[in-house]
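Chain and residue survey
Residue-level listing of the chains:
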Amino acid sequence: MGTEPADVDPARAADCASCKDLGAHEYSSTRNASADDALPPGFRRLAAIGRGGILRRCPRCNSYFSYRRAYDSDLGGYDEEAWLDRIGSAEARACLLASGDLSADLIEELRRLGVADALQGKLASQMAALQGDDKIARHHAVSSLLAHYLGQGRLAGVDELLAHPSPAVRRDVLYALFACGNHLIDRFGRMLADVDPGVRNYAAWGLRSAAEGGKDVSGEVARLAGVVGGDPDQDVRRQAAAVLAEAAARGVDISRALAPLISALTSSAWSTRSTAAAALGAAAARGCDVRSALPALEACLSDPDDTVRTRAAEALRRAGQEGTAGR
Ligand SMILES: [Zn+2]
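Residues numbered from 1 in each chain as written. Predicted model: local features only at pLDDT ≥ 70, side-chain atom pairs only at ≥ 80, totals over all residues.

When you go through the protein chain residue by residue, the secondary structure sums to 15 helices and 5 strands. Here the protein chain has a C-alpha radius of gyration of 27 Å; the compact-globule value for 327 residues is 20 Å, and the former is much larger. In the protein chain, once contacts between residues fewer than 6 apart in sequence are set aside, the share between residues at least 24 apart is 62%. (Helix = DSSP H or I, 4+ residues; strand = E, 2+ residues; numbered from the N terminus. Rg over C-alpha atoms; globule rule 2.2 N^0.38 Å. Contact = placed C-beta atoms within 7 Å.)

Dropping the structure here:
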């Protein structure tokens, strides 16, 4: 740690054209309106540091403020509260060091505050949080680390997280990746081979959400076919069949997955049978030659499950309609 800058002289802050309208403690409370807007105008001239702007700095006199906001909603609308407190640089430094956030602007501010090795220390503490039993801390650490690596374009860092020895961490990473819309399709495809069924399920779930979002999953059809045909976990097989159904509906050629999908029509789980029928129907609708599936689909017309029967009938209808079935 280096030397931290001295606190701003109170006389200078009181004189500052930018922040002099802000007292030692400001508070606002609003109904169906922004609590930020109800703070004195000087608030809007402060620079926000870190995710959510937990720290604010006056760009003119460098005074620091801690900032916090609360939000609650009910049927009639929402309530907001905001707190803004003048703090010294030691408090500002402690506030930034305590945060799990690894944002570049926050690290830069810590450098201003005399902490030269902030990033290294924070990376180490977030990595340590991945090992702990505290689920919430683990989620936060995963999302901070991912935001950091993605922000820097460091996919090697993402891959390290995906290779973490704890399956819970690998699941969290996959979930965080697809929740933020960053699918990295090939990584999800690769994780279909993970030893943990939960991780494989998340990988397939992520691919399905990517396909639903219109992303191109055609490069993963072969791997998905392998999962439908050979994964030991029922849920994972069904999830993979669902990705194929979604991809086929969007025009991806899934003909190399026909054989495992046909086998899946005789699965012991109705949800897998119906998903496989849906995938075959979607493929037929796109003009894929599904003649090899017709006997198995016809057998599904007497399936004990209603959804399976409906989807099989629909698939047969589509196969006939597209003229590829020759029925
Ligand atoms: Zn100021």
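Turning next to unusual backbone geometry. If you check the backbone angles, Asn32 has positive phi at about 55 degrees while not being a glycine. Among the secondary structure elements, Asn32 is positioned in the loop between strand 1 (25–31) and strand 2 (47–49). In this structure, Asn62 is a non-glycine residue whose phi angle is positive, near 65 degrees. By the element assignment, Asn62 lies in the loop between strand 3 (55–57) and strand 4 (64–74).

Time to look at the pairing of strand 4. In the sheet, strand 3 pairs with strand 4 via 3 bridges, with the strands oriented antiparallel. Bridge pairing in strand 4 places Arg57 opposite Tyr64. The turn linking strand 3 back onto strand 4 is made up of 6 residues, and Asn62 within it adopts a positive phi angle of 65 degrees. Between the antiparallel neighbours strand 4 and strand 5 (residues 77–87) lie 2 residues. (Pairing = 2+ DSSP bridges.)

A separate point is the nonpolar core. Within the largest apolar cluster, 65 residues are counted, with the highest numbers of intra-cluster contacts made by Leu244, Leu261, Ala279 and Leu280. No other element matches the 9 residues that helix 11 (residues 234–249) contributes to this core. Not counting the four nearest positions on each side in its chain, Leu280 is found in contact with Leu261, Val290, Ala293, Leu297 and Ala315. Membership of the second largest hydrophobic core comes to 19 residues, among which are Cys58, Tyr64, Leu96 and Leu110. (Core = buried A, V, L, I, M, F, W, Y, C linked by C-beta atoms within 7 Å. Buried ≥ 20, exposed ≤ 12 C-beta atoms within 10 Å, placed from the backbone.)

What follows covers the sheet that holds strand 2. If you trace the 5 strands from one edge of the open sheet to the other, you get 1-5-4-3-2, paired in antiparallel fashion. Every other strand in the sheet has two partners, leaving strand 1 and strand 2 as the edge strands with one partner each. Strand-to-strand, the axes of this sheet are offset by a mean angle of 25 degrees, without reference to chain direction. (Axes fitted to C-alpha atoms, helices over the stretch in contact; angles between N-to-C directions.)

Look at helix 11 against helix 13 (residues 270–285): their axes get within 8 Å of each other, and the N-to-C directions meet at 20 degrees. What the angle tells us is that helix 11 and helix 13 run roughly parallel. Regarding helix 11 and helix 13, the two cross each other, and that crossing is left-handed. When helix 11 is examined against helix 13, the residues Gln234, Arg237, Arg238, Ala241, Ala242, Leu244, Ala245, Ala248 and Ala249 are found in contact with a partner set consisting of Ser271, Thr272, Thr275, Ala276, Ala278, Ala279, Ala282 and Ala283. Of the residues assigned to the contact of helix 11 with helix 13, the class counts are 11 nonpolar, 4 polar and 2 charged. (Parallel < 35°, antiparallel > 145°, perpendicular 65-115°, else oblique. Left-handed = near helix turned anticlockwise from the far one by under 90°. Nonpolar A, V, L, I, M, F, W, Y, C, P; charged D, E, K, R; others polar.)

Another aspect to go through is helix 13. Look at helix 13: 22 Å from first C-alpha to last across 16 residues, which is about the 22 Å you get at 1.5 Å a residue. Gly287 occupies a position one or two residues after helix 13 and carries a positive phi of about 90 degrees. (Expected span 1.5 Å × (residues − 1).)

In contact at an axis separation of 10 Å, helix 5 (residues 135–151) and helix 7 (residues 167–179) are set at 55 degrees when each is read in the N-to-C sense. With respect to helix 7, the axis of helix 5 lies oblique. Helix 7 is crossed by helix 5, and the crossing has right-handed handedness. Contacts between helix 5 and helix 7 involve Arg138, His139, Val142, Ser143 and Leu146 from the first element and Ala168, Val169, Asp172, Val173, Ala176 and Leu177 from the second. Split by residue class, the contact of helix 5 with helix 7 holds 7 nonpolar, 2 polar and 2 charged.

A word on the domain arrangement of the protein chain. Segmentation of the protein chain into domains returns domain 1 (10–112) and domain 2 (221–327). Between domain 1 and domain 2, the C-alpha centre-to-centre distance is 55 Å. (Domains from an automatic or database assignment.)

Another aspect to go through is helix 11. Along an α-helix, a turn takes 3.6 residues, which lines up residues three or four apart on a common side. Helix length check: helix 11 (16 residues) gives 23 Å between terminal C-alpha atoms against 22 Å at 1.5 Å per residue, within 8%. Taking burial as the measure, the 16 residues of helix 11 include 13 buried ones, the bulk of the element.

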